[in-house]
Every structure is written in structure tokens, then in C-alpha cells.
Amino acid sequence: MSEDETQTPASGPGPDWGFETRMIHAGAGPDPTSGARQTPIHQTSAYAFHDADHAASLFNLQTFGFIYSRLGNPTVATLEERIASLEGGRGATCAASGHAAQVLAFFPLIEAGERFAASTRLYGGSVTQFSRTFPKFDWHCDFVDTEDLSAVEAVLAQGAKALFVESLANPGGVVTDLEALSGLARAAGALLIVDNTLATPWLCRPFEWGADLIVHSATKFLSGNGTVIGGAVVDSGRFDWSASGRFPGLSEPEPAYHGLKFSETFGDLAFTVHSHAVGLRDLGASMAPMNAFLTLLGTETLALRMERHCRNSLAVAEWLTGHPKVEWVSHAGLPTSPYRELAEKYLPNGAGAVFTFGVRGGYEAGVRVVEKCELFSHLANIGDARSLIIHPASTTHRQLTDEQRAAAGAGPEVVRLSIGLETVDDLVRDLDQALAAA
Amino acid sequence: MATDLHYSDALITGILRRVRTIAMVGASPNWKRPSNFAMKYLQEKGFRVIPVNPRAAAAGALILGEKACASLEDVPAPVEMVDVFRASEAALEITREAIRLRAEKGFEVVWMQLGVRNDEAAAEAEAAGLTVIMNRCPKIEYGRLWGELGWGGFDSGVISSRWPRPAKGNGRAG
Ligand SMILES: Cc1ncc(COP(=O)(O)O)c(C=O)c1O
């Protein structure tokens, strides 16, 4: 082997690698010191410096490297690169949970007293976070029906600096018109932030439709086995913070870094550098290396799992559609769905695995169906290899008002399913006996 | 900062392996400036970086231990690469000077920083046999291709299952 060959990592066509290749390889070559082919779990709090000058360079953000695992960790960084690659983003910052990722996403953007807008069709926990906890930071959220584009325009005109939506909305069956909304956000000088948790980058690529940031709960399909709590915020690298002038956190001097301007110094890396060096440094909601490792294992099979999740879920939805005890089924892959066209546009590989249906008999019947299931697990999660069932009105969306629940698609009769990877006939059989007993 | 410029990883890797000395036009003595960040990083990776900054040169200043030069004319040969850390409009004049001094100084590459692009300058330099890179940062590209950019959570675009032998010395091949 020539000296040249020994010292230069082979580098391939970069962005031309296919999705399935990137879900296994992005970010993760053999470990440089041991040759370990699977990503090592770097279970360490801190990292040695070569000397005082190296330490200074790291603290000044003049060089790449690790200081302390609150700010960055090699296993977590591997997952960050993997997720950034799968979403087609510039960089990603992992966080302790999906909710922590949401705080990290807004943190550089929203100053005290400022506003952002969010869709009414969100995971209930996000509605609560935005409406109850964010006001304590003096961040204010205006909820808007994102299917009413003139209402969105109006709320953006009132000073909202970002618009937050879910691509495929929890509790299910609703697809968001990302292209239309990104156009409105851009025209208003605001960012479009997309929670891509339910869709995953295998089903939907929000950056291709003009989103600026993507957030994930890695707790769900990215890890895929119900093992971790985790999250990520991904930056497209396309928003020009310096030109905008509306985001001083990124474009103005940062006192804690000697007056460094992130956008000037780091260009399209600015948001992700800031999320680590300021966001994680001060908010501290960092992902643990073990959770990053488990999520990396999950991403290796993402496309395979999502295909089966989607296929099983559509089969169950079709079966439920004909059931006499079922009032309606909200699954964007059904021919009767009002979101069918949007699903074909934004989710060409499948309409996801989380959806809702309405049971005849309202709240009581909804609760009973859940309790009668044998194979479906009754728990508050989605995106597991196991099939999950829950009654949102009495659980995940319990903290909301009646109107918020109705707007979020979580009324009294609604049951939410997250379809897993089991034999689909077994899933149908379980639901059949539960509905019969309800 | 989307761009339609495309440079293969092999091209960039080849440049960063071959080049030993860089003349950085617009290098700042202020350690908080982006050019100073880039210069310090490239020094750590074993490059010699000669700052070109008339004001610093007039003051007889050292930048990161290197004497500042007033112009490309003054840089001591051999220098394989000119890194333009100036506005896009200034790039044409700097590039023409690089073309003029090409043989004398040994310039092979004109590299314009992230955010700097001047197509006219590029065309002239290429016609004169120089390799041109625009709208890229050599620090970011080095970090990306030598496996450090991913430490910050960035997509390097690099995929490889090979396990390179550890580098000797400064990490770049001779
Ligand atoms: C769409 C969506 N976003 C965000 C979250 C919050 O993620 P985490 O529970 O990891 O904080 C969830 C969790 O249920 C979710 O379903």
C-alpha cells in the first residue's frame, strides 16, 4: 500500500449514495484507533486535551473536537451525522428527547417576548409544551389551522418568527401541505420547522419542500424498538441568518464566545454549531451515548421497517373500514381519505403506521376497546416494533381542552393505533375480538 | 448558501494533500475573525499559512507566528495555494495577481472562501492553468474529508468501510 493510500480516507460520491446505504454507513466508518466496525459506545463524560493551546482552540470553537459530553460525544455525533444525511440536512444536534429537541430548535430563534406559530394538529405533548411551559420563557405560540392558508398568512404577518408543523400529524391520518406553508413562511421571513417523527425521512423529506429545520423524536421509528427516549434537530443550512437580521442569536456577537458571530464565522454550519456550543451547553438536555447507539442500530433498518409498518397499517386500516363498530378510519393511505392526494405527494413510500379510528359508543367504548386487546400493548408511545393502542382523550391528549382535543383529532371516540411488525392477521384478530367485547 | 458549484471529493482531497504552503489573502490578526480561525486550524493540520494583509504588514505584525505580507508579490516562494479571504469583487484582482506571479511563486491553486465567488476570475485562472475552487472553506473541507466535521454533527457525505493506517507526522502524505 502506498503512503498516499494509507493516509487518505477513501471518499466516495458523497450525496449520491442511496438512502439505504446512508442509513447503515453515514457517519460511521471503522473506528480510527481500533478498527471496530460497529460504532463504539463512547461512555465518557470528558475528553483529554493535547495541551493548553488545544484546549483553548476547542473552547474558542476554533477547531473540531470534543470537550465534555454535554456539548458533544462521538457516538452521539455519529447519530447526528446519520440523521443529517438521511434528511438531506447540513447538520443535526441530538437531544435527550423529542421535546428537548423542540426547545433546542426554538432556543436560538426566539427571544423573550417573541412569537411563533404552530399547527393545531400536533402531538398533545407539543401543544402543552408550547402553550403552558414556553410562556414561562416568555416565548409565545399562536396556534393556527394550517389548512387555512389565509389564517397562516395572518398569523405570520403578526410577527411569528417560525411556523411549527408535523409532516404526518399525531394522532394520525393528517398530512400537512409543506410546500404551500414553506412558501408562506419564506415570504414572511419566518422559518418552517417540521416535526418529521411520524413520517421519518424514509417516507417524507421536508427539506425538499422548503422546510428550514426538522425535529425528531428518536424515541419512535428512528430507534424503532421502544428502547430509548431521544430527539434531534436538523438544520437545512439554507436559512441566511445574516441577511435576515431577525435572528440576532445567530447573526449578532455572542458574549459568551468573546463576541463571535455564529453566522459570519460558521456560515451554513452556524445553527448546528450554536445548538451544541450554546444550546446544549446551557440547556443541558444532551443525548446519552447508549441511546445514540441504540438509535443508530434502529436507523440501519429504517427503510425495511417502515415498509412493513406501512403495509401492515394500511391492511389494518382497510379491515377496520368495513367493521360495523367502527364509525370512521383516519389513515391517509385509504382511498377515502381527504389527505390521499397530499399523501401521494409528500409520502410516496407509504402513509405511515400511526392512525386513528372512531369507535361507535364514544368515550366508554374507546376505553373498552383498548382494555380488551391482548396483543396490542396499551401504552403511551408510537413507532415500536410492537403494535400499540391508546385512547388519546383519556391519556396523551388528556391535558388539552375539549376544543384543543377536537382540533387535534383526539375526540372522545378516537382510538389511536401504532401498527408494528407482527403478522398482520394476528393484529386483525386481536382488534376483532376487542371490538366484539367492547 | 446553496450552490451549483460541484467539486469532487477526490479533487479537494488531492489539493489538500499536495499543498504545503498557503498564502491567505485577508488573514486577520484579530483572533475572533473567521480568517484567523481558519488559519489556526490549517496550521494545526501541518500547513504553513502566510498571511497577506497590507495593514498588518505595514505594522510589521505577526499573525499566528507568521510575518504578514503586504501583497502576493511579497510572499516567499514556494507557495502552492492562494486562499482568497476577501469579498467576491476583490477576487478578480487577487486572482490576476496570482496568475501573473504563478511561475515565480509556484502557485497551483486559487481557492476562494465560503461565500466568495467570482466566475470571471475563475475562468481566467483556469485558462492560465490554475486549479480553482470557489465558495468553499479549506478548514471545513479538511475537517469533512479527514473525518472531523462529523464530530460536530455535520453530514460529511463521506462513506467508507476501509480502515486507513494511522498517519505519520502531520496527518498528510508527502
Ligand atoms: C410527533 C411527536 N413529536 C414529539 C414527541 C415528543 O417526543 P419525546 O417523547 O421523545 O420527547 C412525540 C412523542 O410522542 C411525538 O409523537
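This text goes with the structure placed above it.
Attention here is on the structure that accompanies the text. Please read these numbers as outputs of a predicted model, since none were measured by experiment. (Residues numbered from 1 in each chain as written. Chains lettered and ligands numbered in written order. Predicted model: local features only at pLDDT ≥ 70, side-chain atom pairs only at ≥ 80, totals over all residues. Heavy atoms only, no water.)

### A look at unusual backbone geometry
Omega for the bond connecting Asn170 of chain A with Pro171 of chain A falls within 30 degrees of zero, at 15 degrees, which places this linkage in the cis form. Structurally, the position occupied by Pro171 of chain A is in the loop between strand E5 (168-169) and strand E6 (174-175). The omega torsion of the bond from Ala77 of chain B to Pro78 of chain B falls at 0 degrees, within 30 degrees of zero and hence cis. Assignment of secondary structure puts Pro78 of chain B in the loop between strand E4 (66-67) and strand E5 (81-84). Non-glycine residue Leu61 of chain A carries a positive phi angle of around 65 degrees. Topologically, Leu61 of chain A is positioned in the loop between helix H3 (52-59) and helix H4 (74-87). The exposure class assigned to Leu61 of chain A is buried, which follows from its relative accessible area of 16%. Of note in the backbone geometry, His258 of chain A takes a positive phi value of approximately 55 degrees without being a glycine. Tracing the sequence through the fold places His258 of chain A in the loop between strand E10 (253-254) and strand E11 (260-261). (Helix = DSSP H or I, 4+ residues; strand = E, 2+ residues; numbered from the N terminus. Buried < 20%, exposed > 50% of the residue type's maximum accessible area, 1.4 Å probe, protein only.)

### A closer look at helix H8 (residues 178-187) of chain A
Residues and elements named next belong to chain A. Of the residues making up H8, those classed as buried are Leu178, Leu181, Ser182, Leu184 and Ala185. Seen end-on, H8 carries its buried residues on one side only, within an arc spanning 160 degrees. Turned more than 90 degrees from where H8 packs its buried face, Arg186 and Ala187 sit exposed. Taken together, the buried residues of H8 touch helix H7 (149-157), strand E4 (162-166), strand E7 (191-195) and helix H16 (340-346). (Arc of directions from axis to C-beta. Contact = heavy atoms within 4.5 Å.)

### A short note on the pairing of strand E13 (residues 354-359) of chain A
All names here are of chain A. Of all six residues that make up E13, six are buried, and the element is covered over most of its length. Alternating positions in E13 separate into two faces, Val354, Thr356 and Gly358 on one and Phe355, Phe357 and Val359 on the other, with burial throughout. As defined by bridge partners, strand E12 (residues 326-330) adjoins E13 across four bridges and the pair is classed as antiparallel. What sits directly across from Val326, in E13, is Val359. Note: E13 against strand E16 (residues 414-418), five bridges, orientation antiparallel. Within E16, the residue paired with Gly358 across the bridge is Val414. (Pairing = 2+ DSSP bridges.)

### Looking at the sheet that holds strand E14 (residues 377-378) of chain A
All names here are of chain A. Sheet architecture is open: five strands sit in the order E12-E13-E16-E15-E14, paired in mixed fashion. For this open sheet the edge positions go to E12 and E14, each flanked by a neighbour on one side alone. Here strand E15 (residues 388-390) pairs with E16 via three bridges, running antiparallel. Paired with Ile389 across the strands is Leu417, a residue of E16. Lying over the sheet, helix H15 (residues 302-321) contacts E12, E13 and E16, oriented at roughly 10 degrees with respect to E13. (Axes fitted to C-alpha atoms, helices over the stretch in contact; angles between N-to-C directions.)

### A closer look at the site of the ligand
Residues and elements named next belong to chain A. In the neighbourhood of the ligand, 15 residues make up the surrounding shell, with Gly98, Asp195, Ser217, Thr219 and Lys220 lying closest. In this structure, Thr219 approaches the ligand through a side-chain N or O atom, which is 2.7 Å from an oxygen atom. Calculation on the ligand without its partners gives an accessible area of 390 Å², and the protein chains cover 91% of this total. No other element matches the three residues that helix H5 (residues 98-106) contributes to the shell around the ligand. Here the residues of the shell around the ligand sort into three nonpolar, nine polar and three charged. (Near = heavy atom within 4 Å. Polar contact = N/O pair within 3.5 Å; in protein donor to acceptor, adjacent residues only side chain to side chain. Areas by Shrake-Rupley, 256 points an atom, 1.4 Å probe, with all protein chains shown as cover. Nonpolar A, V, L, I, M, F, W, Y, C, P; charged D, E, K, R; others polar.)

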